[in-house]
Structures are given as C-alpha cells and as structure tokens.
Amino acid sequence: MRNEQAYYDEIKKKFAEEREIRVNFRPEGTAQFTSEFTGELEKYAVDPYAEERVEREPITDTVECLFIGGGFSALLTSARLRERGVESIRIVERGADVGGTWYWNRYPGVACDVVSYDYLPLLDEMNYVPKNHYSRGDEILEHCQAIANKYDLYDLAVFQTTVTSTTWLASEQMWELKTDRGDVMKARFVICANGTLSKPKLAKIEGINDFQGDSFHTSRWDYDFTGQDLSNLKDKVVGIIGTGATAVQAVPGLGESAKELYVFQRTPSSIDIRNDWPTDPDWAAKLKPGWQQKRRERNLQGPQLTEEQKKKQASRTKEEKLRHQENNNIDYMMRIHDRIEKTVDDPQTAEALKPWYMFMCKRPCFHNDYLPTFNRPNVHLIDTHGEGITKITEKGPEFKGKEYELDLLIFATGFEVQKTGIYNQIIGKNNLDLEDKYSDGIRTLLGIHTEGFPNLFIMGGYQASFQFNLTDMLQTQGDHIADCIAYAREHDHNTIEPTAASEEWWVQEVISHRGKTKRNEECTPGYYNFEGESNRRQDGNYNGGFLQYFNHMAEVRSKMQNSFIFD
Ligand code: NDP
C-alpha cells in the first residue's frame, strides 16, 4: 500500500533542510578542495606503488596515436585501433604501469560496484570471465595489464611521465607534447584519456600540514605504514575523513585491524546490499563467443516496459510522472534507512548514518560489512552533520572543541572531477588555449571533439553522457574515436576537426537537456552537482540518456563529411 502524499512531502522537506545545512557550511562550492599538491602537500601525490623512478633519456620521436593516460580509456580504444590496423600507438602515463584508477586505488577492500561481466571491458576479445560477480581491484588491474600485453601496448609506452603541454604544429599537422621528463614527442592523433576522477583532492582544512602522525590519501595507500594485511594498525589509532564510496570499502578492514578507528562523516552515503558470488564455472563454460557484446547491447536498450506499464505511463501528466518517480525514490531511501536501523545497534549512530537526500544525488554504495562495522567497540562515528572537519592540529582533527589524537589520518576526500582534456596546457590552431576556449562554457561535439583542435579526442569528459557503468561509456567513445581515425586514414586525410555548426548543434543539445529535473539544485552538495553550484549551463554531462548519446554518435559518423572538416 502506498503512503499518503503528505508523507512524501514531509520527507522532501527534510531533504531540502539537510541540503541547506550543507550549502551554508560550504558556500565556496568546489573551491573548498585542492588538487594542487605542491609545497607541504606534495607528499600526497607521491606514487607509493612504483618500485623506483626509472631514469631515461628524453624522447623526441613521432608516433601516430598518443594517449595521455593509460587507464581503460586508452586500453580499450587502443584495442579498437589495433583491429583497424594502427601500429604506432603510445601511452604516456604518470603511474608506473597501465591501469589508471585501478593502478592508483589499491586501498584495502577496493572493488568495483558494477557487475564485473559488464564492467571489465574486452572480455570477448580477452577470452576471460571474471572470478566474481563483482571484481576486486587486483583482478581489474591484472586485466588492464593483460590487455596491454595482448595488444602490444607496452612496446612504446612511457611511464612515470606527465604531459605538461600539447601544442598543434600547423605546418606539420602534428601535435607536439612536452613532458616533465624533458620529452618533446610528436603525434598525429592525441587522445586525452586521463580519466574522470584521476586527480586526488583534499579538503582545504586549517592546520592540515601541522598533523604530526602519518597521513595519506586513499589513492596513495601507505602499506609500509599499515602493513599489507593492516596488521601494523593493531596498536594504532586511525582516523578517516570522508564517507564516500572509497571509505565505505576501506572502513570495514580498518575497523577490524585498528586499535581504534574514528570515522569523520560530513554526509552519509546510501548503502545497499551487495549481492556478490564467485562466478559459477558451469555458467562460464556455457558462454558463447560474443557473450559480453550481447550483454552490452541489451544493457544499452535499458529496461523494457510491458504494454501495461507503457499505457500507465502515457496516462500520467508530466507532473504526476515526476511525483511518481520522486515517491519511488523516497521509498527506496526509506528502505536504506530501515536497513540501517536493523543493522546498527546504537540508535544515535544509526540515526547519524541515515542519508537524507534522493537516491543518486550522491554515488550509491553497496556493502555488507560497512554498517555492521559501527557495532564494533573500537569504531567511532564522528558525525559532523554537514559541517565537516575544518581544523586539524598536530595531534589530529578537531571538531566542536574536541581533539581526536591519531597515529594515522586517512583522507578519503575524493577526486577532482572530469577535467580530462584540460589538465595539461592544450594549444590548438591559432595559438588558442583550450582553457580559454572553454572560459565561457565548454564547447564540444559529443564531448569528444572540439573545433580548433584537429586530431584531438577527449574521453570521459564533460558533455558526454553519464553512465553508471563507466566502461560502457568509454567503450562507446573508443569505438567512435577508432572509427574517426580509421576514416581519416582510409581517405588520406591528414586531419579531422569538427565543424563550427556540428559543435554548436551539440552544445545546444546539451543545454536543451539541462534542467529536465531540478535534481541538481535540489540535491545535497557533492561532486555530482559541483558541490551545489548551479550556474553551470553546459559544463556537465549530456542528460539525454545513454542510448540517445550512442545514437547521436552513429548519426555523426553516418555523415562524416558534414560533421567534420578534413584536410
Ligand atoms: P567522494 O568524493 O565520493 O567522497 C568524498 C568524501 O569526503 C565525502 O564523504 C565528503 O563528504 C567527504 N569530505 C570532504 N571534505 C570533508 C571534510 N572537510 N570533512 C569531512 N568529510 C569531508 O570520494 P570517494 O573517493 O569516496 O569516491 C569517488 C568516486 O570514485 C565514487 O563516487 C565512485 O564514482 C568512484 N569509486 C568507485 C568505486 C567502485 O566501486 N566502482 C569504489 C570507490 C570509488 P560530503 O559527502 O559531505 O561531500
């Protein structure tokens, strides 16, 4: 039986109040964070996984395709380029290996929340079936390495190297890339594959550098300090700031291993059940070649409505549809609350762990051990109710005048979002800096191409579709990019660049799908809505849906000569 509308309205009111509390505590929006780890913050950027820095001579050669970044974007697009006969492919990567997110994020408990048979790309090509319904981080990293091996991507790859500038040489119709290793490389095609959440960020907290204990960001886990199995923590007092998807996976292990664990929470995550299981070998044995591609095609279509459901939908007004959706969403969130009450023994802790916002306002989490961890006597939730930690002393974080003395402080404060394409300075035709071009708002075709920057492709950036399974999105973009490059090669074109008209069409498409709902303005702040900043007209994702995005890509490719200028 459904609740009365007044019940839902009351909860929505509480959602709005909780949002207001948070917006008021952080009017500076995204400026509350920093990703510039210089000076004393430099230690938070150091790669703890690389054995040593490999010294080498600067590189000055020319390749056909160059990827900035060596994560899934580069790997799966390279696979498609190889299939189309491209031989000269270079990955330039800051880490000491391929893997991207899965190279950096090795915190205890790291796993993927998307079903492995969908998340791990190229399973058909790699003839691989993941070990579990949800893959652990190490398996995913190994899969990345296996892809790089199979497609010979290590041959020209350059690791421990950061691209500092990418400049179009008009006379040569080539890109010139400079790096922090003194390289001056050239490439005909450049693909910005530097990830959607690749730069760790820290909250700008007063006194952050005063802390005298050990501290690191979750994407730079110091296993020398904690021990590989966290056993060094048995006599240590540990604190973790942040309760997003990363903390949710790391906290259970920390709670089990640390002498004491303090979890500093600003906004709780929604935590649902995680239905995990080892892959059934009989099921795996029966999979026919091309099985993953079939799954992808099915997923792309989304859930299919029955005739009855379609009729019901059609009979509702726009207003009713919205209310119906919101009420369903609230029902889901109240089920999440219910689960907390049933799992967490202490009523005050349970209350503090309840998320008061619509489902998907923040990244939903799935874990079976996170909530029960708060029943352990050594685990303490320090709920700051939207305020967050604003001061750290030499001993540890301080909140409401109480100092929490720690041996280890872990920052689970997330990553800078979707700046792929503009990390390093990119100078296109007529000396135009991409940052300057974007200063009045991002302008792209499909989030991938941008006028004035021939032979440049951007993956996982703004104005592309949002997809919970990111690799679906990346695969779609990778297929598209490989087709564009193959088209240019087959037609003996040196360059491919979107027309002004096709770019304008896409910007308008993005804008027309903004504001379909008021979710961004109504959601509690977080990285999904630029921490509550609502003045971003065209700088977010394309909200027309993934299927439509996919179809638009096909449409663009079906009229290459109209969409692009070739030279
Ligand atoms: P998030 O940005 O999601 O979380 C950062 C956390 O830090 C939030 O809880 C935030 O609180 C908190 N925070 C920030 N500043 C302060 C402060 N001053 N005091 C206290 N708390 C503070 O980062 P994550 O690393 O957790 O996750 C990033 C993304 O990475 C995920 O959303 C997901 O997309 C991806 N990921 C994916 C996984 C997977 O399974 N595939 C696993 C892990 C991560 P508030 O909410 O109030 O802003």
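The structure displayed is predicted, hence computed values, not measured ones.

Asks: Got a sec to walk through the pattern of salt bridges? Specific residues and values, please.
Replies: Inspection of the entire model under this criterion finds 36 salt bridges. A salt bridge links Lys-429 to Glu-497; the shortest N-O distance between them is 2.7 Å. Taken together, the residues Lys-429 in the loop between β18 (425–427) and α15 (434–437) and Glu-497 in strand β20 (residues 496–498) connect sequence positions 68 residues apart. The class of Lys-429 is partly exposed, set by a relative accessible area of 34%. For Asp-483, the salt bridge identified is with Arg-557, shortest N-O distance 3.4 Å. Highlighted residues: Asp-483 in helix α16 (residues 470–490) and Arg-557 in helix α19 (residues 546–558), separated in sequence by 74 residues. Through salt bridges with shared partners, a single ionic network connects Arg-80, Glu-83, Glu-125 and Asp-479.

Asks: Residue-level account of the site of the ligand, with values.
Replies: Near the ligand there are 27 residues, and of these Asp-113, Thr-246, Thr-267, Lys-362 and Tyr-527 occur at the shortest range. Take Thr-243: an N or O atom from its main chain is 3.0 Å from an oxygen atom of the ligand. Here an oxygen atom of the ligand and a backbone polar atom of Gly-244 are 3.3 Å apart. Burial of the ligand by the surrounding chains reaches 89%, relative to a free accessible area of 920 Å². Ranked by the residues each element gives to the shell around the ligand, the list is headed by helix α8 (residues 245–257), at three residues. Among the residues making up the shell around the ligand, the classes are represented as 13 nonpolar, nine polar and five charged.

Asks: Got a sec to walk through the packing of aromatic side chains? Specific residues and values, please.
Replies: In total, this model carries 30 aromatic pairs according to the counting rule given. Consider the rings of Tyr-49 and Tyr-103, whose centres lie 5.9 Å apart with planes at 90°: the pair is edge-to-face. Of the two residues, Tyr-49 is situated in the loop between β1 (33–34) and β2 (62–68) and Tyr-103 in helix α3 (residues 101–104); the sequence distance between them amounts to 54 residues. Accessibility expressed as a relative area gives 14% for Tyr-49, which makes it buried. Here Tyr-103 falls in the buried class, since its relative accessible area comes to 3%. Measuring from ring centre to ring centre gives 4.3 Å for Tyr-332 and Phe-359, while their planes differ by 55°; the resulting arrangement is tilted. Pair noted here: Tyr-332 is in helix α12 (residues 318–343) and Phe-359 is in the loop between α13 (347–352) and β12 (365–366), with a separation of 27 residues, a long-range link.

Asks: Kindly report on unusual backbone geometry, identifying the contributing residues and their values.
Replies: With a phi angle near 65°, Leu-230 is a residue other than glycine that sits in the positive phi range. Positionally, Leu-230 belongs in the loop between α7 (223–226) and β9 (237–241). In this structure Leu-230 comes out as buried when scored by relative accessible area, which is 4%.

Asks: Quick rundown of the sheet that holds strand β8 (residues 214–217)? Include the residues and the values.
Replies: Overall, parallel pairing links the five strands, which are arranged β8-β17-β9-β10-β13 in an open sheet. Looking at which strands have only one partner, the edges of the open sheet turn out to be β8 and β13 (379–383). Strand-to-strand twist in this sheet, taken as the mean axis angle between neighbours without regard to direction, amounts to 15°. One ladder, built from four bridges, connects β9 with strand β17 (residues 408–411); its direction is parallel. The partner of Ile-241 across the bridge, within β17, is Phe-411. Of the strands in this sheet, β9, β10 (260–265), β13 and β17 touch α8, which is tilted by about 160° from β10.

Asks: So what's going on with the sheet that holds strand β16 (residues 402–403)? Which residues, and what values?
Replies: Pairing is antiparallel across the open sheet formed by three strands, whose spatial order is β14-β15-β16. Each edge of the sheet is formed by a strand with only one pairing partner; in this case those strands are β14 (391–392) and β16. Taken together, the two bridges between β14 and strand β15 (residues 397–399) define a ladder with antiparallel strand orientation. Bridge pairing in β15 links Lys-391 to Glu-398.

Asks: Give a detailed account of a negative patch on the surface, specifying residues and quantitative values.
Replies: On the surface, Glu-40, Glu-206, Asp-210, Glu-394, Glu-403, Glu-405 and Asp-407 cluster together to form a negatively charged patch. Within the element layout of this structure, Glu-394 appears in the loop between β14 and β15. The class for Glu-394 is exposed, based on a relative accessible area of 51%.

Asks: Please give an account of the nonpolar core that cites residues and values.
Replies: Judged by nonpolar contacts, the single largest core of 112 residues is most densely connected at Phe-72 and Tyr-549. Ranked by the residues each element gives to this core, the list is headed by α16, at eight residues. Contacts of Phe-72, omitting those with residues within four sequence positions, involve Thr-77, Trp-102, Tyr-119, Pro-121, Ile-140, His-143, Cys-144, Ile-147, Thr-471 and Leu-474.

Asks: An account of the environment of Ser-35 is requested, with residue identities and associated values reported.
Replies: For Ser-35, the position within the fold is in the loop between β1 and β2. Judged by its relative accessible area of 11%, Ser-35 is buried. The sequence separation of Ser-35 and Glu-416 amounts to 381 residues, and the corresponding C-alpha distance is 6.8 Å. Each residue touching Ser-35, except ones within four places of it in the same chain, is listed here: Lys-199, Pro-200, Lys-201 and Glu-416.

Asks: I'd love a proper account of the side chain of Glu-497, names of residues and values included.
Replies: Under the relative-accessibility criterion, Glu-497 is labelled buried at 5%. At a separation of 2.7 Å, a polar atom in the side chain of Glu-497 contacts the main-chain amide nitrogen of Gly-452. Contact partners of Glu-497, with chain neighbours within four places excluded, come to Lys-429, Glu-451, Gly-452, Phe-453, Pro-454, Ser-563, Phe-564 and Ile-565.

Asks: Pulling in residues and values, what's your account of the pairing of strand β6 (residues 184–192)?
Replies: Within β6, seven of the nine residues are buried, which leaves the element mostly enclosed by the surrounding structure. Pairing analysis gives four bridges linking strand β5 (residues 174–179) to β6, with the strands arranged antiparallel. Within β6, the residue paired with Trp-175 across the bridge is Ala-187. A loop of four residues connects β5 with β6, the two strands running antiparallel in sequence, and Gly-182 in this loop sits at a positive phi of about 80°. Bridge analysis of β6 against strand β19 (residues 456–458) gives three bridges, and the strand direction is parallel.

Asks: Which residues make up the side chain of Ser-78, and what values go with them?
Replies: For Ser-78, the position within the fold is in helix α2 (residues 72–83). Classification of Ser-78 by relative accessible area gives buried; the value is 0%. If near-sequence neighbours (up to four positions away) are discounted, Ser-78 is found in contact with Phe-67, Ile-89 and Leu-153.

Rules used in this analysis
Residues numbered from 1 in each chain as written. Predicted model: local features only at pLDDT ≥ 70, side-chain atom pairs only at ≥ 80, totals over all residues. Heavy atoms only, no water. Salt bridge = Lys/Arg side-chain N within 4 Å of Asp/Glu carboxyl O. Helix = DSSP H or I, 4+ residues; strand = E, 2+ residues; numbered from the N terminus. Buried < 20%, exposed > 50% of the residue type's maximum accessible area, 1.4 Å probe, protein only. Near = heavy atom within 4 Å. Polar contact = N/O pair within 3.5 Å; in protein donor to acceptor, adjacent residues only side chain to side chain. Areas by Shrake-Rupley, 256 points an atom, 1.4 Å probe, with all protein chains shown as cover. Nonpolar A, V, L, I, M, F, W, Y, C, P; charged D, E, K, R; others polar. Phe/Tyr/Trp six-rings, centres within 6.5 Å; stacked < 30°, edge-to-face > 60°. Pairing = 2+ DSSP bridges. Axes fitted to C-alpha atoms, helices over the stretch in contact; angles between N-to-C directions. Contact = heavy atoms within 4.5 Å. Patch = residues over 30% accessible without salt bridge, like charges linked within 9 Å, V, L, I, M, F, W, Y side chains within 5 Å. Lys, Arg positive; Asp, Glu negative; His and termini not counted. Charge placed at Lys NZ, Arg CZ, Asp CG, Glu CD. Core = buried A, V, L, I, M, F, W, Y, C linked by side-chain atoms within 4.5 Å.

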